[in-house]
Amino acid sequence: DQQVKQNSPSLSVQEGRISILNCDYTNSMFDYFLWYKKYPAEGPTFLISISSIKDKNEDGRFTVFLNKSAKHLSLHIVPSQPGDSAVYFCAASEMMINFGNEKLTFGTGTRLTIIP
Amino acid sequence: DVKVTQSSRYLVKRTGEKVFLECVQDMDHENMFWYRQDPGLGLRLIYFSYDVKMKEKGDIPEGYSVSREKKERFSLILESTSTNQTSMYLCASSFWTGGPDTQYFGPGTRLTVL
């Protein structure tokens, strides 16, 4: 039962254009979302997050949008650069203050390739 | 800078062997996690720990056990390896903030079981 889904396994984008990565979730208890980036032979690194009280969060070239009614979030990268080529994972969690709720549920990942 | 290190980058084992994967973090984080990453399946949580000697099952704990005797170390144990445990194993750690917090990952261990 995949609670967090990334339906595009791969995406190719021209350098300088916008990259849009999508993520859908099914668990209505999720209210905190993160994006991680992973290069080959390295562990994932945190990119950006958003809580359900917001519908947008921006950090430099990266913006995450959250549509709670559609249970959908997306990561926009503008402009895309060759160093953005990596696998991107979205992840979700609950905000409840309780032991055991620190765990994240990850999606399957999208491999982004930026074409120079 | 947070540092999470894993004892091996690559391991090759034969079916039935016992494997210890060790993870060490230097940021005094309360939470530590073990994931496996497989193509098409993303990262799946095996076990996590929110304190010394505490452990919680993740989504796929079967065939694995863990040990956390010190705050900075979290070990994943495969008692008797099988070929379906061939995977990339990733350790992570985070502060306990009362909710989800950024997890910091180690570089991973690529385990191949023959």
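That block above? That's the structure.
Keep in mind that this is a model prediction, so the values were computed, not measured. (Residues numbered from 1 in each chain as written. Chains lettered and ligands numbered in written order. Predicted model: local features only at pLDDT ≥ 70, side-chain atom pairs only at ≥ 80, totals over all residues. Heavy atoms only, no water.)

(A) Fine view of the overall build of chain A. Broken down by element type, chain A carries zero helices and eleven strands. Secondary structure elements in chain A, listed N-terminal to C-terminal, are β-β-β-β-β-β-β-β-β-β-β. Against the compact-globule benchmark of 13 Å for 116 residues, chain A has a radius of gyration of 14 Å, which places it among compact chains. Within the span of chain A, comprising 116 residues, buried residues form 47% of the whole. Restricting to contacts in chain A with at least 6 residues of sequence separation, those with at least 24 account for 56%. Only carbon and sulfur atoms are counted for the fraction: they give 50% of the accessible area of chain A, which is about 5600 Å². (Helix = DSSP H or I, 4+ residues; strand = E, 2+ residues; numbered from the N terminus. Rg over C-alpha atoms; globule rule 2.2 N^0.38 Å. Buried < 20%, exposed > 50% of the residue type's maximum accessible area, 1.4 Å probe, protein only. Contact = heavy atoms within 4.5 Å. Areas by Shrake-Rupley, 256 points an atom, 1.4 Å probe, with all protein chains shown as cover.)

(B) Fine view of unusual backbone geometry. Backbone torsion omega between Val78(A) and Pro79(A) reads -10 degrees, so that peptide bond is classified as cis. You can see Pro79(A) is positioned in the loop between β8 (72-77) and β9 (86-93). The residue Asp28(B) is not glycine, and still its phi comes out positive at about 60 degrees. Residues other than glycine seldom take positive phi values, yet Lys53(B) does so here, at roughly 65 degrees. With relative accessibility at 58%, the residue Lys53(B) sits in the exposed group.

(C) Structural view of the sheet that holds strand β3 (residues 19-25) of chain B. Residue and element names in this part refer to chain B. Taken in spatial order, the four strands make up an open sheet running β1-β3-β8-β7, and their pairing is antiparallel. A strand with exactly one partner marks an edge of an open sheet, and here the two such strands are β1 (4-6) and β7 (65-67). Taking each pair of neighbouring strands and ignoring which way they run, the sheet shows an average axis angle of 20 degrees. Relative to strand β8 (residues 73-78), β7 is paired through three bridges, and the arrangement is antiparallel. The partner of Ser65 across the bridge, within β8, is Ile77. (Pairing = 2+ DSSP bridges. Axes fitted to C-alpha atoms, helices over the stretch in contact; angles between N-to-C directions.)

(D) Examining the packing of aromatic side chains more closely. In the structure shown here, the tally under the stated rule is twelve aromatic pairs over all chains. Arranged with centres 5.9 Å apart and planes meeting at 20 degrees, the rings of Phe33(B) and Phe48(B) form a pair that is stacked. With Phe33(B) in strand β4 (residues 31-38) and Phe48(B) in strand β5 (residues 42-49), this pair connects stretches of sequence that are 15 residues apart. Like Phe33(B), the residue Phe48(B) is buried in the burial classification. These aromatic residues form a ring-pair network of at least three members: Tyr36(A), Phe46(A), Phe89(A), Phe106(A), Phe33(B), Tyr35(B), Phe48(B) and Phe105(B). (Phe/Tyr/Trp six-rings, centres within 6.5 Å; stacked < 30°, edge-to-face > 60°.)

(E) Main features of the sheet that holds β8(A). All names here are of chain A. The strand order β1-β3-β8-β7-β6 describes an open sheet built from five strands, whose pairing is antiparallel. Each edge of the open sheet carries a strand with a single partner, namely β1 (4-5) and β6 (56-59). Of the pairings in the sheet, the one linking strand β3 (residues 19-25) to β8 comprises six bridges and is antiparallel in character. Across the sheet, residue Asp24 finds its bridge partner in β8, namely His72.

(F) Focus on the pattern of salt bridges. All names here are of chain B. Enumeration over the complete set of coordinates arrives at eight salt bridges over all chains. The shortest N-O distance in the salt bridge between Arg44 and Asp38 comes to 2.9 Å. Each of Arg36, Asp38 and Arg44 takes part in a single network of salt bridges with overlapping partners. (Salt bridge = Lys/Arg side-chain N within 4 Å of Asp/Glu carboxyl O.)

(G) How the structure looks around the state of the cysteines. Tallying each qualifying case throughout the model produces two disulfides over all chains. Between the sulfur of Cys23(A) and that of Cys90(A) lies a disulfide, 1.9 Å long from S to S. Judged by the sign of its S-S torsion, about 65 degrees, the cystine formed by Cys23(A) and Cys90(A) is right-handed. With Cys23(A) in strand β3 and Cys90(A) in strand β9, this residue pair connects regions lying 67 residues apart in the sequence. Across the pair, Cys90(A) and Cys23(A) agree in class, each one buried. Disulfide pairing is shown between Cys23(B) and Cys91(B); the S-S distance is 1.9 Å. On the sign convention where negative means left-handed, the S-S torsion of about -80 degrees between Cys23(B) and Cys91(B) marks this disulfide as left-handed. Separated by 68 residues along the polypeptide, Cys23(B) in strand β3 and Cys91(B) in strand β9 (residues 87-94) bring together distant segments of the chain. (Disulfide = S-S within 2.5 Å.)

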